[in-house]
Amino acid sequence: MSFHWLILLAAIAVEIVATAALKSVVSAPWLLGLLPLVLIGLSFALLSIALRVIPMAVAYAVWEGLGIVGIAAAGYLLFGEHLSPERILALAAIIAGIVLLERGVGHGPDDDEGRLA
């Protein structure tokens, strides 16, 4: 796995933490409420580094899609939010879409630098 993919995974992790923090600090003092904003900014900064090598359509789909799946898991684990079979199927469809999009990148042997595998 390349450096840029690791950076993208870090951006996803930070996005998940930022969103969970956003829900957690709803009634916290305003200064603590700035933490999610800082984390979201960090996530965007990391995403911008990953975009230097990973094609934009793939990087954004992976960042947002895995972020959604991670946030759903965090909601379930941290906040007791319900995951129905339909929601689980929808999350699986998101992952399937990401995989299909990532596999469609490139047109030849020289275009593999942005690929995960």
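Whatever comes next refers back to the structure up there.
Please read all numbers here as calculations on a predicted model, not as lab measurements.

Trainee: Please clarify how the overall build of the protein should be interpreted in this entry.
Mentor: Secondary structure assignment for the protein yields 4 helices and 0 strands. Mapped in sequence order, the helices and strands of the protein form the string α-α-α-α. The proportion of buried residues among the 117 residues of the protein is 32%. Of the contacts made within the protein by residues no fewer than 6 positions apart, 70% connect residues no fewer than 24 positions apart. For the protein, the exposed area adds up to about 7200 Å²; of that, 73% sits on carbon and sulfur atoms.

Trainee: I tried to follow the nonpolar core on my own but got confused; where do I start?
Mentor: What tends to happen in soluble globular proteins is that the nonpolar side chains get buried as a cluster. Among the nonpolar cores identified, the biggest contains 19 residues, and Trp-5, Leu-8, Ile-12, Ile-54, Val-62 and Trp-63 are the most heavily contacted of them. Elements that contribute at least two residues to this core include exactly helix H1 (3–24), helix H2 (30–50) and helix H3 (56–79). By residue number, the principal contributor to this core is H1, which donates 8 residues. Beyond its immediate stretch of four places on either side in the chain, Ile-12 contacts Val-62, Trp-63, Leu-66 and Gly-67.

Trainee: Please clarify how the pattern of salt bridges should be interpreted in this entry.
Mentor: Once their charged atoms are close, side chains differing in charge can pair, the charge on each being opposite to the other. Scanning all chains against the criterion turns up 2 salt bridges. A salt bridge links Glu-81 to Lys-23; its shortest N-O distance comes to 2.7 Å. Pair noted here: Glu-81 is in the loop between H3 and helix H4 (85–103) and Lys-23 is in helix H1, with a separation of 58 residues, a long-range link. On the basis of relative accessibility, which here comes to 34%, the residue Glu-81 falls in the partly exposed class. Close ionic contact of Arg-103 with Glu-102 constitutes a salt bridge, the shortest N to O distance being 3.5 Å. A relative accessible area of 45% places Arg-103 in the partly exposed class.

Trainee: Could you clarify how one ought to interpret H2 in this entry?
Mentor: In an α-helix there are 3.6 residues to a turn, and that puts residues three or four apart on one side. Across its 21 residues, H2 extends 31 Å between first and last C-alpha, which sits within 8% of the 30 Å expected from 1.5 Å per residue. Along H2, the residues classified as buried are Pro-36, Leu-39, Ser-43, Leu-46, Leu-47 and Ala-50. Here the buried residues of H2 occupy an arc of 105° about the axis, which is enough to place them on one side. Within H2, the exposed residues directed more than 90 degrees away from the buried face are Trp-30, Leu-31, Leu-37 and Val-38. Where the residues of H2 are buried, they touch H1 and H3.

What counts and how
Residues numbered from 1 in each chain as written. Predicted model: local features only at pLDDT ≥ 70, side-chain atom pairs only at ≥ 80, totals over all residues. Heavy atoms only, no water. Helix = DSSP H or I, 4+ residues; strand = E, 2+ residues; numbered from the N terminus. Buried < 20%, exposed > 50% of the residue type's maximum accessible area, 1.4 Å probe, protein only. Contact = heavy atoms within 4.5 Å. Areas by Shrake-Rupley, 256 points an atom, 1.4 Å probe, with all protein chains shown as cover. Core = buried A, V, L, I, M, F, W, Y, C linked by side-chain atoms within 4.5 Å. Salt bridge = Lys/Arg side-chain N within 4 Å of Asp/Glu carboxyl O. Expected span 1.5 Å × (residues − 1). Arc of directions from axis to C-beta.

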